Amino acid sequence: MISGYTRNGFVEKALILFIEMIEVAGLLPNTSKMASVMPACVQCEAFSSKESIHGYTLKLGFKENKYVQNALMDMYSRMGKIDISKNTFNSNEG
């Protein structure tokens, strides 16, 4: 649902669903959900703490997940933070 909302331009709904999943339902996101919500974070102008999603992925232990790392690189690139995106890419190698 989160990915579908985001792909169809309903980024606010995607973020609300993500937050409700965590706070109301008490469910922790998996790597797929984390990667799906990152494009919504970038596209939603009302969501001001875009980088906090990176910290949340680290807190959940998804630092080395390639799917999440690729979504982070894309997120930072879209935000114009190429150095952070490049650092994420470099941490992918190995």
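Let us look at the structure shown here. (Residues numbered from 1 in each chain as written. Predicted model: local features only at pLDDT ≥ 70, side-chain atom pairs only at ≥ 80, totals over all residues. Heavy atoms only, no water.)

### As for the pattern of salt bridges
A side chain of one charge can pair with a side chain of the opposite charge when the charged atoms of the two come close.
Here is step 1: For the structure on display, the rule yields two salt bridges.
Here is step 2: Of the charged contacts, one joins Arg-78 and Asp-74 as a salt bridge, the two residues approaching to 2.8 Å between their closest N and O atoms. A residue pair is termed a helical-turn pair when its members lie 3 or 4 positions apart in one helix, as Arg-78 and Asp-74 do in helix α5 (residues 66-78) at four residues.
Here is step 3: Since its relative accessible area comes to 55%, Arg-78 is described here as exposed.
Here is step 4: Judged by its relative accessible area of 31%, Asp-74 is partly exposed. (Salt bridge = Lys/Arg side-chain N within 4 Å of Asp/Glu carboxyl O. Helix = DSSP H or I, 4+ residues; strand = E, 2+ residues; numbered from the N terminus. Buried < 20%, exposed > 50% of the residue type's maximum accessible area, 1.4 Å probe, protein only.)

### Observations concerning the environment of Cys-44
Here is step 1: Structurally, Cys-44 is set in the loop between α3 (31-43) and α4 (52-59).
Here is step 2: Judged by relative accessible area, Cys-44 falls into the buried class, the value being 4%.
Here is step 3: In sequence terms Cys-44 and Leu-15 are 29 residues apart; their C-alpha atoms lie 8.6 Å from each other.
Here is step 4: In this view, Cys-44 contacts Val-11, Glu-12, Leu-15 and Lys-50; residues no more than four positions away in its chain are not counted. (Contact = heavy atoms within 4.5 Å.)

### A closer look at the nonpolar core
Here is step 1: Judged by nonpolar contacts, the single largest core of 23 residues is most densely connected at Leu-15, Phe-18, Met-34, Met-38, Ile-53 and Met-75.
Here is step 2: The set of elements that each furnish at least two residues to this core consists of α2 (11-23), α3, α4 and α5.
Here is step 3: Beyond its immediate sequence surroundings of up to four residues, Met-75 is in contact with Met-38, Val-42, Lys-50 and Ile-53. (Core = buried A, V, L, I, M, F, W, Y, C linked by side-chain atoms within 4.5 Å.)

### As for α2
Along an α-helix, residues three or four positions apart point the same way, because every turn accommodates 3.6 residues.
Here is step 1: End to end, α2 covers 18 Å across 13 residues, agreeing with the expected 18 Å (1.5 Å per residue, within 8%).
Here is step 2: When we look at burial in α2, the residues that qualify are Val-11, Ala-14, Leu-15, Phe-18 and Met-21. All buried residues of α2 lie within an arc of 120 degrees about the axis, which places them on one face of the element.
Here is step 3: If you follow the buried residues of α2, they end up packed against α1 (2-7), α3 and α4. (Expected span 1.5 Å × (residues − 1). Arc of directions from axis to C-beta.)

### Structural notes on the layout of surface pockets
Here is step 1: Space inside the largest pocket adds up to approximately 160 Å³.
Here is step 2: Around the largest pocket sit Leu-15, Phe-18, Ile-19, Ile-22, Glu-23, Val-37, Cys-41, Phe-47, Ser-49, Ser-52, Ile-53 and Tyr-56, which together line it.
Here is step 3: Of all the secondary structure elements, the ones that give two or more residues to the lining of the largest pocket are α2, α3 and α4.
Here is step 4: If you tally residues by element for the lining of the largest pocket, the top one is α2, at five residues.
Here is step 5: Its residues assigned to classes, the lining of the largest pocket shows nine nonpolar, two polar and one charged. (1 Å grid on protein atoms, 1.4 Å probe; cavity = no way out; pocket = protein on both sides within 12 Å on 5 of 7 lines; lining within 4 Å. Points joined across faces, edges and corners; volume = space filled by probe spheres on them. Nonpolar A, V, L, I, M, F, W, Y, C, P; charged D, E, K, R; others polar.)

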